[in-house]
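This is what each chain is made of:
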Amino acid sequence: MKKSPGFKFDGFMKGMVIAVVLAFLWPTPGAHGGVLHPELLNKVGVALVFFLNGLSLSLPAMRAGAASWRAHLLIQGATFVLFPLIGVAGVWASHGLVPHDLQLGFFYLCALPSTVSSSVALTVAARGNVPVAVFNATLSSLIGVLVTPMWMGWMLGQAGIEFPIGPVIRDLVLWVLVPLVAGQLARPWLGEWAAKHKSRLQWVDRGTILMLIYTSFADSVVQGVWTRFGVMTVVGTAIATLVLFIVVMLVVRALARLIGLSDADRVAAIFCGSKKTLASGVPMAQMIFGTNPALGLILMPLMLYHPLQLAIGGVLAQRWGGRTG
C-alpha cells in the first residue's frame, strides 16, 4: 500500500503566509511604481513559471492516459463547465451581500484549470489511474490559457464592466503560451538537466509564485482595499470555498458512478475534477487583473481553496489507498 502524502503545512504554504504578511507590513516596494517595478517583474515572473512548466511537461506520459475518453469528458466538464456554473450561482446568490471584487475572485477560482502536481500525487497515493490523472491535469492547464479568460470576459460583461479580452489573450499568448511552448521545445536539450535539478527548479518556480503573491497583495494594501474588510470576510470566504469543494467532489463522484467508470478512473476523476491550480492561477491573475488594485482580494478565494483541497484530498487518498481489490 502506498503511503498518502496527506496534508502538510509545507514551506510553500509558509511562504504564502510570509508573502502576505510582508505585503501588509512593507507594501511600497511591490506596489505599482515601487522599486521592484512589478509592471515588468510580474510579466517576467509569469514567463519563467510557464517556461519551467513546459520544460517539465511530458507528452509521452500524456499519451499513456489518452484512451479513457469518458473520464476525460467528466474531468474537463467539471473543471470548465460545472465549476463556472456553480460560480455563476454563487455570484447571483451573494449579490449585494459581499464585495464585487470578492465575487469576482470566487468566480475566477471556478474558471481556473485543474492543478497538476497534487492531482497526480493524490491519485498515486489513492491507487487511481495515474496516466488519466497526468493526461487530464496537463490538458486542463493548456485549455485554461484560453477558456479561463473567456469565462472572465463573459462574467465581467454581465456586470457591465468592459473587459479587453483581445489584449488579455495577447498577453496570455506572449507571457504564458509562448514560454510554455518554448519550455516544451527545449526538452530535448534541457529535459535531462531539468529532471536532475528538479528540486532546485521547483524552488525557483515556487519562489517566483510567492513574489507574484507579494506584489498582488502589496498593491491592494497601498490602495487601501483591505481597510474596508474584516476577519469575517475571510471566514465567510473560507466557508464558501469549503462548500464549493464538497459540492463539486460529490457531483463528480456521482457522475463517475453514473457513467460506469472503474474505481481507478473514478479516483482520478474526483481528484482532477475538484482541484484548482494556485501555481498557474496567480500568474494568470497578474495577466488578467494586473491593473486592478483589488487583486489581493480577488486572489483570496484561490489562496484559501489551495490548502483546503490538499487537506481533504490527503485524507481521502489515505482512505482510498487502503481499499482492497
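As a reminder, the structure under discussion sits directly above these lines.
Conventions and cut-offs
- Residues numbered from 1 in each chain as written.
- Predicted model: local features only at pLDDT ≥ 70, side-chain atom pairs only at ≥ 80, totals over all residues.
- Heavy atoms only, no water.
- Helix = DSSP H or I, 4+ residues; strand = E, 2+ residues; numbered from the N terminus.
- Rg over C-alpha atoms; globule rule 2.2 N^0.38 Å.
- 1 Å grid on protein atoms, 1.4 Å probe; cavity = no way out; pocket = protein on both sides within 12 Å on 5 of 7 lines; lining within 4 Å.
- Points joined across faces, edges and corners; volume = space filled by probe spheres on them.
- Nonpolar A, V, L, I, M, F, W, Y, C, P; charged D, E, K, R; others polar.
- Buried < 20%, exposed > 50% of the residue type's maximum accessible area, 1.4 Å probe, protein only.
- Polar contact = N/O pair within 3.5 Å; in protein donor to acceptor, adjacent residues only side chain to side chain.
- Contact = heavy atoms within 4.5 Å.
- Expected span 1.5 Å × (residues − 1).
- Phe/Tyr/Trp six-rings, centres within 6.5 Å; stacked < 30°, edge-to-face > 60°.
- Lys NZ or Arg CZ within 6 Å of the ring centre and 35° of its normal.
- Core = buried A, V, L, I, M, F, W, Y, C linked by side-chain atoms within 4.5 Å.
- Axes fitted to C-alpha atoms, helices over the stretch in contact; angles between N-to-C directions.
- Parallel < 35°, antiparallel > 145°, perpendicular 65-115°, else oblique.
- Left-handed = near helix turned anticlockwise from the far one by under 90°.
- Disulfide = S-S within 2.5 Å.

Honestly, the overall build of the chain in this entry has me stumped. Any pointers?
Each helix and strand counted, the chain has 14 helices and zero strands in total. Counting from the amino terminus, the chain carries its helices and strands in the arrangement α-α-α-α-α-α-α-α-α-α-α-α-α-α. In terms of overall dimensions, the chain is globule-like: its C-alpha atoms have a radius of gyration of 19 Å, near the 20 Å expected for 325 residues. Taken over the C-alpha atoms alone, the chain extends approximately 55 × 50 × 35 Å along its principal axes.

Can you help me understand the layout of surface pockets in this one?
Unoccupied space between atoms shows up once a probe the size of one water molecule is rolled over them. Of the voids in this model, the second largest pocket is the one considered here, and its volume is about 460 Å³. Along the wall of the second largest pocket there are 17 residues; nearest its centre are Val17, Val20, Val234, Met303 and Leu304. Contributions of two or more residues to the lining of the second largest pocket are made by helix H1 (11-25), helix H11 (231-258) and helix H14 (295-321). Per element, the largest residue contribution to the lining of the second largest pocket is five residues, and it comes from H1. Across the lining of the second largest pocket, the residue classes break down as 15 nonpolar, two polar and no charged.

For this particular structure, what's the right way to read the side chain of serine 216?
Position of serine 216 among the secondary structure elements: in helix H10 (residues 198-222). Serine 216 gets classed as buried once you look at its relative accessible area, which sits at 2%. At 2.5 Å, the side chain of serine 216 forms a polar contact with the side chain of glutamine 286. Apart from residues no more than four positions distant in its own chain, serine 216 is found in contact with Gln286, Leu295, Gly296 and Leu299.

Quick question: what am I supposed to make of H11 here?
Owing to its 3.6 residues per turn, the α-helix aligns residues three or four sequence positions apart on the same side. Taking 1.5 Å as the rise per residue, H11 with 28 residues should run 40 Å; its terminal C-alpha atoms sit 41 Å apart, in good agreement. Within H11, the full set of buried residues consists of Thr233, Thr237, Thr241, Leu244, Phe245, Val248, Met249, Val252 and Ala256. Of the residues one or two after H11, glycine 260 is the one with positive phi, at around 80 degrees.

Help me out: how do you make sense of empty space enclosed by the protein in this one?
Tallying each qualifying case throughout the model produces one cavity of 30 Å³ or more. Counted as a void, the largest cavity has a volume near 60 Å³. Around the largest cavity sit Gly30, His32, Pro38, Asn42, Thr215, Ser216, Asp219, Gln286, Gly290, Asn292 and Leu295, which together line it. Of all elements in the fold, only helix H2 (38-56) and H10 reach the threshold of two or more residues within the lining of the largest cavity. Ranked by the residues each element gives to the lining of the largest cavity, the list is headed by H10, at three residues.

Which parts of the structure should I look at to understand the packing of aromatic side chains?
For any pair of aromatic rings, the description rests on two quantities: the centre-to-centre distance and the angle between the ring planes. Inspection of every chain in the model, using the stated rule, returns six aromatic pairs. Counting every residue linked through ring pairs, the aromatic cluster contains Phe83, Phe245 and Tyr305. Lying over the aromatic face of phenylalanine 83, lysine 276 brings its terminal NZ or CZ to 4.2 Å of the ring centre.

Is there a simple way to think about the nonpolar core in this case?
Buried together is how nonpolar side chains tend to be arranged in soluble globular proteins. Counting residues in hydrophobic clusters, the biggest one holds 86 residues, and the most contacted among them are Tyr108, Ile213 and Phe289. By residue number, the principal contributor to this core is H14, which donates 13 residues. If sequence neighbours within four positions are ignored, phenylalanine 289 has contacts with Leu104, Tyr108, Met152, Leu295 and Ile298. Ranked by size, the runner-up nonpolar core spans five residues in total, among them Leu52, Leu55, Ala194 and Leu201.

Teacher, can you tell me more about unusual backbone geometry here?
Peptide bonds are trans in most cases, and residues, glycine excluded, mostly fall at negative phi. Its identity is not glycine, yet histidine 37 carries a phi of approximately 50 degrees, on the positive side. Turning to its location among the elements, histidine 37 is positioned in the loop between H1 and H2.

Is there a simple way to explain the environment of serine 220 in this structure?
When you line up the elements, serine 220 lands in helix H10. Relative accessible area serves as the criterion here: at 0%, serine 220 is assigned to the buried category. When neighbours within four sequence positions are excluded, serine 220 is seen to be in contact with Val225, Trp226, Pro293, Ala294, Leu295, Gly296 and Leu297. Polar side-chain contacts of serine 220 include one of 3.4 Å to the backbone nitrogen of leucine 295.

I'm lost on the packing of helix H4 (residues 69-93) against helix H5 (residues 100-111) in this one. Help?
Working note: a packed helix pair is described by the angle between its axes plus the distance between those axes. Direction vectors running N to C along H4 and H5 enclose 165 degrees, while the axes themselves pass 7 Å from each other. Of the possible angle classes, the one that applies to H4 and H5 is roughly antiparallel. For the crossing formed where H4 meets H5, the hand is right-handed. Where H4 abuts H5, its residues Thr79, Phe80, Phe83, Pro84, Ile86, Gly87, Val88, Gly90 and Val91 lie against Gln103, Phe106, Phe107, Cys110 and Ala111. Counted by class, the contact of H4 with H5 contains ten nonpolar, four polar and no charged residues.

Would you mind going over the state of the cysteines with me for this structure?
Disulfides are covalent bonds that connect the sulfur atoms of two cysteines. Counted under the stated rule, the structure contains zero disulfides. For cysteine 110, which is in no disulfide, the shortest distance to another cysteine sulfur is to cysteine 272 and amounts to 18 Å. Residue cysteine 110 is classed as buried on the basis of its relative accessible area of 0%. Taking the relative accessible area as the measure of exposure, cysteine 272 reaches 0% and is therefore buried.

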